Each structure stands twice: as C-alpha cells, then as structure tokens.
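Listed below, chain by chain, are the residues.
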Amino acid sequence: MTARPTDDLYVRYMKSFEDSTTHLGACSACQAEEPCETGAPIHERFTRLQDAYLARQNKQR
C-alpha cells in the first residue's frame, strides 16, 4: 500500500488554523475581534492560506 502524497498547502493551512485557534483561545483582545500585535500576523496567515486552499479547490472542480 502506498501513501498519498503530502499536500503541502493543505498541511500549512491546517497548521495555521491550529495556530490561530490556539492563540484566539488564550487572547482576550483577539476574542474581542481586536487582534493583538502577536495575533494579527497569525490570523492573517490563516486567512491567506485558507483563501489559497479554497481557490485551488474551486479551480479543480
């Protein structure tokens, strides 16, 4: 049985989701929809990777 090839974009997207939700759970400023200095780049990375992944999915259909 052969393993499926790793989808790097998907892996990065899921890691950024994990980072974003972990930070959000511990940061009261980000919970109030006012991203803190640390959280803003984390949430922006997640948004960029999510957009890229979904755009690729739509293109494949």
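Note that the structure is a prediction, hence the values are computed from the model and not measured.

Visitor: Which parts of the structure should I look at to understand helix α1 (residues 8-26)?
Guide: Along an α-helix, residues three or four apart share an orientation, since each turn contains 3.6 residues. Over its 19 residues, α1 runs 27 Å from end to end, which matches the ideal 27 Å to within 8%, given 1.5 Å per residue. Buried residues of α1: L9, Y13, S16, S20 and H23, and no others. Along the axis of α1, the buried residues cluster in a sector spanning 100 degrees; they form a single face. Seen from the buried face of α1, the exposed residues on the opposite side, beyond 90 degrees, are T22, G25 and A26. Each element contacted by the buried residues of α1 is listed here: α2 (28-31) and α3 (39-60). The backbone nitrogen of L9 has a side-chain oxygen 3.3 Å away, supplied by the residue at the start of α1, namely D7.

Visitor: I would appreciate a short explanation of the side chain of S20 in the present structure.
Guide: With respect to the helices and strands, the residue S20 is situated in helix α1. The exposure class assigned to S20 is buried, which follows from its relative accessible area of 8%. Those residues within four positions of S20 in sequence are excluded, and the remaining contacts are I42, H43 and F46.

Each value, and the rule that gives it
- Residues numbered from 1 in each chain as written.
- Predicted model: local features only at pLDDT ≥ 70, side-chain atom pairs only at ≥ 80, totals over all residues.
- Heavy atoms only, no water.
- Helix = DSSP H or I, 4+ residues; strand = E, 2+ residues; numbered from the N terminus.
- Expected span 1.5 Å × (residues − 1).
- Buried < 20%, exposed > 50% of the residue type's maximum accessible area, 1.4 Å probe, protein only.
- Arc of directions from axis to C-beta.
- Contact = heavy atoms within 4.5 Å.
- Polar contact = N/O pair within 3.5 Å; in protein donor to acceptor, adjacent residues only side chain to side chain.

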